[in-house]
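Remarks on the overall topology
Spelled out, the chains give:
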Amino acid sequence: MSRRGERSFVAQLVRANDEQHAVQDDQPYAELWMGDHVNGPARVKRDGVGLDEAVRADPVGMIGGTQADDSRLPFLLKVLSIAKALSVQVHPDKTEAERLHRQFPDVYKDPNHKPELAIALTDFQALCGFRPYAEIAQQVQRWPALRALLGEDVLARFDAQDPSAVRVAYERVMHSAPDDIRRCVEAVADALRTGPTDDPLAELFHRLHREFGCDVGVLSICFLNYLRLRPGEAIYLAANVPHAYLDGDCIECMACSDNVVRAGLTPKFKDVDTLLRLVSYDCRPAESMLFEARLLHPDTEPHTRTFVPPVPDFAVAEIRLPGEVRRYTVRNPASGSILLVVRGQGTLHVPDGPAAVLRFGTILFLPSSAGRLLELTVEPTDEPFLAFQAMRNDFA
């Protein structure tokens, strides 16, 4: 569930772009989409035309398209404001997305894959990837009700350090009858009430139990890494990596798709069999899930670090300028980009075009250029200038 009213960063961005929009305190504001996805294309403020229409009308000038069908942005940029956990899910790879779309077009709306990157704007919590084998075995040992649910045959695999134990245990949980899940979750909740009060995992269990009752996804915290990101930290979610966003605000960028295979913490359709068929049991430490940015042009752009995932669809640059910087350059790629300002004020000077005033909430589509540098002048404020720029990944 999203944050409500002015507490939502998304609502603040919406109001910054539409002074006539009245933010309702009792209404949720979940996601702001910036791109040309068919389910929510952005609109060009100058003339109200959809960004998808504008790109199709001039693919060469807008995104440097070179083929007849190269008339869509390959990425979708979002801002999320989360107050209640989103579903435990995976995203299919390209081949699987095409197959699912053919077979179940009402559920899987497009044939594209959906790798994604989440960059924390505030303190941000998420489940991401399977814990190391030893940690999962420790959690199973810690919760008697979970051991009872798994059964002696699964416990024997852990005792024997069988590498298949994690997969078999997770499948057993996900395929368990609802009444068995309810008894297990309630028993774990009762046991944790008498445990340490400073246990982060127990606190998370109780929170998810309050929010989702005895949903099977509550037990996922035993298996998945629990990450607490600081602002500026990021995670990259490749195909088939299980995850759930839990709390906080983030920038999210992904391949242009909305394909989600859900299996917990949701009232929506749960495709458990598909998730279990696709999910990656790559057991890794939580800290290894963090995704580091790179300084691509340290001499000319020392305050721009770029998140470059191993897919061609997208990359995201973070432009964070210290207070003493008043003039800077922004590199616009040949494929165009989307720029979002989340802090500070300034002016972006575009060759052969009008200057753009930048302030909180400014969203610009910068059309195709030959990798030219745009001049940015920044006005002095109490906080550093901060913007994010999404683009096609031409850096790999």
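It should be emphasised that the depicted structure is a prediction, and the values quoted were computed from it without experimental measurement.

So, how was this worked out
The numbers attached to residues start from 1 for each chain and follow its sequence in the written order. Reporting of local features is limited, given that this is a predicted model, to residues whose pLDDT is at least 70; pairs of side-chain atoms are given and counted only at 80 or more, and all residues count toward the totals for whole chains, interfaces and linings. The basis for the side-chain values is all heavy atoms of the structure; hydrogens and waters are excluded. Put simply, DSSP H or I for four residues or longer makes a helix, DSSP E for two residues or longer makes a strand, and each gets a number counted from the N terminus. Cavity and pocket criteria rest on a 1 Å grid covering protein atoms alone: a 1.4 Å probe that fits but cannot get out defines a cavity, protein on both sides within 12 Å along at least 5 of 7 lines defines an open pocket, and an atom within 4 Å of a point defines a lining residue. Grid points are joined across faces, edges and corners, and a volume is the space filled by probe spheres set on the points. Lys, Arg, Asp and Glu make up the charged group, whereas Ala, Val, Leu, Ile, Met, Phe, Trp, Tyr, Cys and Pro make up the nonpolar group; the residues left over, Gly among them, are polar. Between buried and exposed lies partly exposed: a residue is buried under 20% and exposed over 50% of the maximum accessible area for its type, with that area taken using a 1.4 Å probe on protein chains only. When checking whether two residues touch, look at their non-hydrogen atoms; a contact exists if any pair is within 4.5 Å. Note on method: axes are straight lines fitted to C-alpha atoms, helices fitted across the in-contact stretch only, with angles between N-to-C directions ranging 0 to 180 degrees. When an angle is under 35 degrees it counts as roughly parallel; over 145 it counts as roughly antiparallel; between 65 and 115 it counts as roughly perpendicular; any other value is oblique. Two helices that cross are described as forming a left-handed crossing if the nearer one is turned anticlockwise from the farther one by less than a right angle, and a right-handed crossing if clockwise. For two strands to be treated as a pair, DSSP must find at least two bridges joining them. UniProt positions are given in the numbering used here, feature names are shortened, and annotations may be inferred rather than shown by experiment. As used in this structure description, the phrase polar contact means that two N or O atoms lie within 3.5 Å; if the pair is within protein, one of them must be able to donate a hydrogen and the other to accept it, and residues adjacent in sequence are counted only when both atoms belong to side chains. Two aromatic rings from Phe, Tyr or Trp, using only the six-membered ring of Trp, form a pair when their centres are within 6.5 Å; if the ring planes differ by under 30 degrees the pair is stacked, by over 60 it is edge-to-face, and anything between is tilted. Charge-over-ring contacts are defined here by two conditions on Lys NZ or Arg CZ: a distance within 6 Å of the ring centre and an angle within 35 degrees of the ring normal.

A look at unusual backbone geometry
One non-glycine residue, Gln 161, lies in positive phi territory at about 55°. By secondary structure assignment, the location of Gln 161 is in the loop between α7 (152–159) and α8 (165–174).

What about empty space enclosed by the protein?
Taken as a whole and assessed by the stated rule, the structure comprises one cavity of 30 Å³ or more. Along the wall of the largest cavity there are 13 residues; nearest its centre are Val 378, Thr 381, Glu 383, Pro 384 and Phe 385. Residue composition of the lining of the largest cavity, grouped by class: seven nonpolar, three polar and three charged.

Observations regarding the environment of Gly 35
Within the secondary structure, Gly 35 sits in the loop between β1 (31–34) and α2 (51–57). Residue classification places Gly 35 among the buried residues on the basis of a relative accessible area of 0%. A C-alpha to C-alpha distance of 9.5 Å links Gly 35 and Gly 50, two positions 15 residues apart in sequence. Residue contacts for Gly 35: discarding those within four places in its chain leaves Gly 40, Pro 41, Ala 42, Leu 51, Leu 73, Leu 76 and Ile 338.

Details of the packing of α7 against α8
A pair of packed helices is characterised by two quantities: the angle between their axes and the separation of those axes. Packing of α7 against α8 leaves a shortest axis separation of 9 Å and a crossing angle of 155°. Relative to α8, the element α7 lies roughly antiparallel. Crossing geometry of α7 relative to α8 is assigned as left-handed. Residues Asp 153, Val 154, Arg 157 and Phe 158 of α7 form the contact with α8, whose own contacting residues are Ala 165, Val 166, Val 168, Ala 169 and Arg 172. The class makeup of the residues in the contact of α7 with α8 is six nonpolar, no polar and three charged.

Structural notes on the sheet that holds strand β18 (residues 385–391)
Pairing in this open sheet of five strands is antiparallel, and the strands run β10-β11-β18-β13-β16 from one edge to the other. Of all the strands in the sheet, just β10 (304–307) and β16 (363–366) have a single pairing partner and so form its edges. Shown here is a sheet whose adjacent strand axes are inclined to one another by a mean of 20°, direction ignored.

Re the UniProt feature "binding site: Zn(2+)" (unreviewed entry) in the protein
According to UniProt, the positions carrying the feature "binding site: Zn(2+)" (unreviewed entry) are Gln 89, His 91, Glu 116 and His 243. Taking the farthest pair of C-alpha atoms as the criterion, the annotated set spanning 155 residues converges on one region, since that pair is 12.4 Å apart. Of the annotated positions named here, the second largest pocket is lined by Gln 89, His 91, Glu 116 and His 243. Excluding residues within four positions of it along the chain, Gln 89 makes contact with Val 241, Pro 242, His 243, Val 260, Val 261, Arg 262 and Leu 275. There is a polar contact of 2.8 Å between the side chain of Gln 89 and the side chain of Ser 87. Counting through the fold element by element, His 243 comes out in strand β8 (residues 243–255). In this structure His 243 touches Ser 87, Val 88, Gln 89, Val 90, His 91, Glu 116, Leu 127, Cys 128 and Leu 237, once residues within four positions along its chain are discounted. A distance of 3.4 Å separates the side chain of His 243 from the side chain of His 91, its partner in a polar contact.

Description of the side chain of Ser 337
Among the secondary structure elements, Ser 337 is positioned in strand β13 (residues 337–343). We classify Ser 337 as buried; its relative accessible area is 1%. Separated by 3.0 Å, the side chains of Ser 337 and Gln 389 make a polar contact. Sequence-distant contacts of Ser 337, that is, excluding residues within four places in its chain, are made with Asn 332, Leu 364, Phe 365, Leu 366, Gln 389, Ala 390 and Met 391.

Brief notes about the packing of aromatic side chains
Overall, the coordinates contain nine aromatic pairs when judged by the stated rule. Between Phe 124 and Tyr 245 the ring centres are 5.4 Å apart and the planes differ by 65°, which places this aromatic pair in the edge-to-face class. Linking Phe 124 in strand β5 (residues 124–130) with Tyr 245 in strand β8, this pair joins segments that are 121 residues apart in sequence. Grouping residues by exposure puts Phe 124 and Tyr 245 together as buried. Summarising the aromatic geometry, the rings of Tyr 170 and Phe 223 are spaced 5.2 Å apart at their centres and angled 70° between planes, so their arrangement reads as edge-to-face. With Tyr 170 in helix α8 and Phe 223 in the loop between α10 (200–212) and β6 (224–229), the pair connects residues that are 53 residues apart, well separated along the chain. The burial state of Tyr 170 is the same as that of Phe 223; both residues are buried. Here the aromatic residues Phe 130, Tyr 170, Phe 223 and Tyr 281 are joined through ring pairs into a cluster of three or more. Just above the ring of Phe 212 sits the side chain of Lys 84; from NZ or CZ to the centre is 4.8 Å.

With respect to the environment of Leu 340
Tracing the chain through its elements places Leu 340 in strand β13. Residue Leu 340 is classed as buried on the basis of its relative accessible area of 0%. C-alpha separation for the pair Leu 340 and Leu 32, spaced 308 residues apart in sequence, amounts to 11 Å. The residues contacting Leu 340, other than those within four sequence positions of it, are Leu 13, Met 34, Val 79, Ile 251, Gly 361, Thr 362, Ile 363, Leu 386, Ala 387 and Phe 388.

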